[in-house]
Amino acid sequence: MAGGITDIKKLEYEIYKYSSYSSSYLPENIREDNPTNQTSRWSSNTNSPPQFLVLKLERPAIVTKIKFGKYEKTHVCNLRKFKILGGLEEDRMTQLFEGGLKNDSVPETFNLKHRTNSGELLPIKFIQIVPLLSWGPSFNFCIWYVELLGIEDSIFILSNLRKYNMLREVEIVRLFMKHCRQQGYVKAFSALQEETGVRLEDEKMTELHEILVNKGDFKKTEGILVDFINSGLMDDYLLRQEYKPHWSLQLTPEQESRPGRRGGHQLIIDPLTSTIYLYGGWDGSEDLSDLWSYDVKSNRWTLIHENSELLDGPSPRACHKMVYDTKNSQIFMIGRYLDSASRTEENINSDFYLYNTISKTWCLISNDTAQVGGPQLVYDHQMCIDVEKQTIYVFGGRILEPKNEEETTGDYKYSGLFSYHISTNTWNHILVDCGHPSAASPHVQSIKSRVTHSMLFHHKHRKLYIFGGQRGKDYMTDFLIYDVDSSELTNMTPENVGTDSKNVPQSGFTQRATIDCEKDEIYVLTSLSKEKERRELNINSFWLFSLAKKEWCCVYKSDHSIGENCYLKNQNVCAEPCPRYAHQIVYDATNQVHFLFGGNPGMNSHIRLDDFWMLRLEKPTRDNILRYCKYLLRKQEYEEIAKTDPLSAISYLQTKLYDIIDHNDPAQLKEFHKLASLLFKSDSTDCETEPTSLLACPLGGSLKSNSQKHPNEHEPNEDNAKIMRVESPKSTDEADASSISSLSSECSSSQTARAIPSTSSSFSSRTRKANDQKFELKIRRCLLYNKLVDLLPENLCQPKKNISDFVLL
């Protein structure tokens, strides 16, 4: 075949449409790359959305990449965030990319989505660029140069156009089939399937629909769902659910010893043995030099030694950092804080220690790392270890010097990025701080250093992730990535970061971060600020950053600004730790739990904490979703029984539904009582109106007139998913309802004619009522089926969309 996915070339385009432009900054300017010409750009005349440019290709093509040129200097109008849409028609485009440009002079190229969800190549003719945010939030949007890259070989494109149109045709047929089945057009459904050979869904789903919707066999439906869950068909849905945090205070027997109150200490964990090590800290009056171990399995603390100096170990200290080498069972320690009076020539050295957990001995590796190519004495730095390559990384922190002029001038010195190779005992200064004298040299790579930041090492990606922190009075919000193999430093802008600061951990508050390399997730606990003027924001929050999605999400947030301070209470009655700083957390990846110890609550200069907490992040399990599915099915069966046999319904409620309700949970108990109340509703007015569509059919009880509230307002299970410990699928019941019976008032008579004969016929009102109820029953079972569909893989199910989504009246 002529052409191929590797035959990429520059594609010609014209400016087809635009939202606006200002002055001489015409849309046409983006077709020429003139980085030295300040006027060679498109600029919108406002930053109010929507602003856009629509580019039209000479002919349909597979567009694989887009390149953005830039001005030779940084510019406030550069696009910090934008999205790109594409399609064969200008009014039917799909999203191809969303991201942002760095505010520098280096051109950037991005890969565009160029395949359908089923893997076929996606031909397009129109590209729409939609600016969302500029680097100067109050400035207009600017684009300097755009280049499209892809394949436009006519034979290759024609072949893929045929495949693409065939896929579209299949989806159109599936939409019609879904519509026919939901409306009860059985003959039309069968004819479409026979004529086209297209299947609406997987055979498993067709069987589920037949048994649930048509036959109403709830017991057999439960069996099918059990098989689905046990075979893992709902696992992807469970993985997409949000974490729920569960704090628990780790109490030990009173007679057993445990670490006392402190802040500025260090915690590290040996993941192979699930052993946590704690060293030093400040207890409110003096630095400590004790070393403790905690066995996660037995929930027991052990004092290894009280004073490490007596064993040739480090002096008492706080604000130091440690890492654990699992290969050799060793702890490495560097850094500490010294007050101004203690910063003499004799004390200002940066000592570097090793502790062997097997032999339980200390070793002084270096009396002063600054003398052997390493960092000067620092505090509030970060430290990571690459066990595979036996390399330790130390980044950031304030440099302490004998002369303390910086204490009054605020001209602090910060440390850059260093690496230490364990086997050769050598240091390497990888990146200098941007304030270092050598940073001005074009041959020296620099970094903007900081304190109170986070740095984590991903041993699979082989990258350091650096974010947050403070430099002087500036709170840092950047997210840096350093590739330890290629020595490349990049700045990543998370996808969901915009003008809304609620999307990210708040800067200027104490961060403690961990990483799970298997899940590609970073966890950040933000708590009390060290800055006194910011302590009125007394909030704990726990954040998750997905490295796969490049998105932040807040797992939980708790406001402690009102009421008694937690640290003054008996910790046994607290449900979670109080806000603090100078605390530490570690992550036990084996058991997937976090541990937090101690810290400074910030309310009293002498009070430190000694509480020890465990945080478990939980997602719904297979048992949870099975319970949820059973509840949906049994609730529907109960409502159907209640219509015809109230006595049997009482028995069903007391057994089948009672068994899956947690009666100690107020929310579930309330739901149970709502279901019981159905038995006391009068049935005398049922079905007095014709259920021409779901929008006229209550979903949780007997039929009411169209003048009543929207049916979803009567739905007693609108929060069932949360009550049953599993998140509700992110779909709209209203859309499904309208698609199942999307008849407008004008055409309702034809649907009713099939189900409900006119009053002039020989049918009695009793028969009419029975038909009414049968119609409602089918509708509600369809809605239940649609809820179950949302829990299963999309490739097995009917289309999510409905024909009604494309019909505008």
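None of the values given here were measured: they were computed from a predicted structure.

*Asks:* Just checking my understanding: could you explain the overall build of the chain for this structure?
*Replies:* The secondary structure content of the chain amounts to 14 helices and 39 strands. Here the contacts in the chain between residues at least 6 apart in sequence split such that 62% fall between residues at least 24 apart. Of the roughly 38500 Å² of accessible surface on the chain, a fraction of 49% belongs to carbon and sulfur atoms.

*Asks:* Any chance you could explain the pattern of salt bridges here in plain terms?
*Replies:* Between side chains of opposite charge, pairing is possible as soon as their charged atoms come close. Applying the stated rule across the entire model yields 31 salt bridges. Between Asp433 and Arg471 there is a salt bridge, and its shortest N-O distance comes to 2.7 Å. Placement of Asp433 in strand E25 (residues 426-433) and of Arg471 in strand E29 (residues 470-471) is noted, with a sequence separation of 38 residues between them. Linked by salt bridges that have partners in common, Lys9, Glu58, Arg59 and Glu152 make up one network.

*Asks:* Where do I start with the pairing of strand E33 (residues 511-516) in this structure?
*Replies:* Sheet faces and side chains relate simply in a regular strand, where the side chains alternate between the two faces. Counting buried residues in E33 gives six out of six residues, a clear majority hidden from the surface. Here E33 shows two buried faces, one formed by Gln511, Ala513 and Ile515 and the other by Arg512, Thr514 and Asp516. Bridging between E33 and strand E34 (residues 521-526) involves six bridges; their strand directions are antiparallel. The residue bridging Ile515 from the neighbouring strand is Ile522, located in E34.

*Asks:* Help me understand the packing of aromatic side chains, please; the structure alone is not making it clear to me.
*Replies:* In this description, an aromatic ring pair is defined by two values, namely the gap between the centres and the angle between the planes. This model, assessed by the stated rule, comprises 37 aromatic pairs. Here Tyr294 and Trp301 contribute two aromatic rings whose centre-to-centre distance is 5.0 Å and whose plane-to-plane angle is 45°, an arrangement assigned as tilted. Residue classification places Tyr294 among the buried positions, given a relative accessible area of 0%. Residue Trp301 is classed as buried on the basis of its relative accessible area of 4%. Grouped by ring-pair contacts, the aromatic residues Trp292, Tyr294, Trp301, Phe595, Phe597 and Phe612 constitute a single cluster. Above the face of the Tyr25 ring, Arg41 is positioned so that its terminal group lies 4.1 Å from the ring centre. Residue placement shows Arg398 over the ring face of Tyr412; its charged tip is 3.7 Å from the ring centre.

*Asks:* Any chance you could explain the environment of Glu401 here in plain terms?
*Replies:* Summarising the element assignment, Glu401 is placed in the loop between strand E23 (398-399) and helix H6 (405-409). Separated by 61 residues in the primary sequence, Glu401 and Ser340 place their C-alpha atoms 9.2 Å from one another. The contacts of Glu401, once residues within four sequence positions are left out, are Arg343, Ile348, Gln376 and Lys413. Looking at Glu401, its side chain comes within polar contact range of the side chain of Lys413, at 3.5 Å.

*Asks:* Would you explain a nonpolar patch on the surface in this entry?
*Replies:* Together, Tyr18, Tyr21 and Leu26 give the surface a local cluster of nonpolar side chains, amounting to about 270 Å² of exposed area. Locating Leu26 in the fold gives a position in the loop between strand E2 (13-18) and strand E3 (42-43). Its relative accessible area of 35% is what places Leu26 among the partly exposed residues.

*Asks:* I keep staring at the sheet that holds strand E28 (residues 463-467) and nothing clicks. Help me out?
*Replies:* In sheet architecture, strand pairing relies on hydrogen bonds along the backbone and comes in two forms, parallel and antiparallel. Taken in spatial order, the four strands of this open sheet run E27-E28-E31-E32, and their pairing is antiparallel. Since the sheet does not close on itself, it has two edges, and those belong to strand E27 (454-458) and strand E32 (488-491), each with one partner. Going across the sheet, the axis of each strand differs from the next one's by a mean of 20°, ignoring polarity.

*Asks:* Please explain helix H8 (residues 646-657) as it appears in this structure.
*Replies:* In an α-helix, one full turn covers 3.6 residues, which means residues spaced three or four apart are oriented alike. Within H8, burial applies to Ala649, Tyr652, Leu653 and Leu657. Axial view of H8: buried residues confined to an arc of 105°, hence all on one face. Those residues of H8 that are exposed and angled more than 90 degrees off the buried face are Leu647 and Gln654. On the buried face of H8, the contacting elements are helix H7 (622-644) and helix H9 (666-677).

The rules behind each value
Residues numbered from 1 in each chain as written. Predicted model: local features only at pLDDT ≥ 70, side-chain atom pairs only at ≥ 80, totals over all residues. Heavy atoms only, no water. Helix = DSSP H or I, 4+ residues; strand = E, 2+ residues; numbered from the N terminus. Contact = heavy atoms within 4.5 Å. Areas by Shrake-Rupley, 256 points an atom, 1.4 Å probe, with all protein chains shown as cover. Salt bridge = Lys/Arg side-chain N within 4 Å of Asp/Glu carboxyl O. Buried < 20%, exposed > 50% of the residue type's maximum accessible area, 1.4 Å probe, protein only. Pairing = 2+ DSSP bridges. Phe/Tyr/Trp six-rings, centres within 6.5 Å; stacked < 30°, edge-to-face > 60°. Lys NZ or Arg CZ within 6 Å of the ring centre and 35° of its normal. Polar contact = N/O pair within 3.5 Å; in protein donor to acceptor, adjacent residues only side chain to side chain. Patch = residues over 30% accessible without salt bridge, like charges linked within 9 Å, V, L, I, M, F, W, Y side chains within 5 Å. Axes fitted to C-alpha atoms, helices over the stretch in contact; angles between N-to-C directions. Arc of directions from axis to C-beta.

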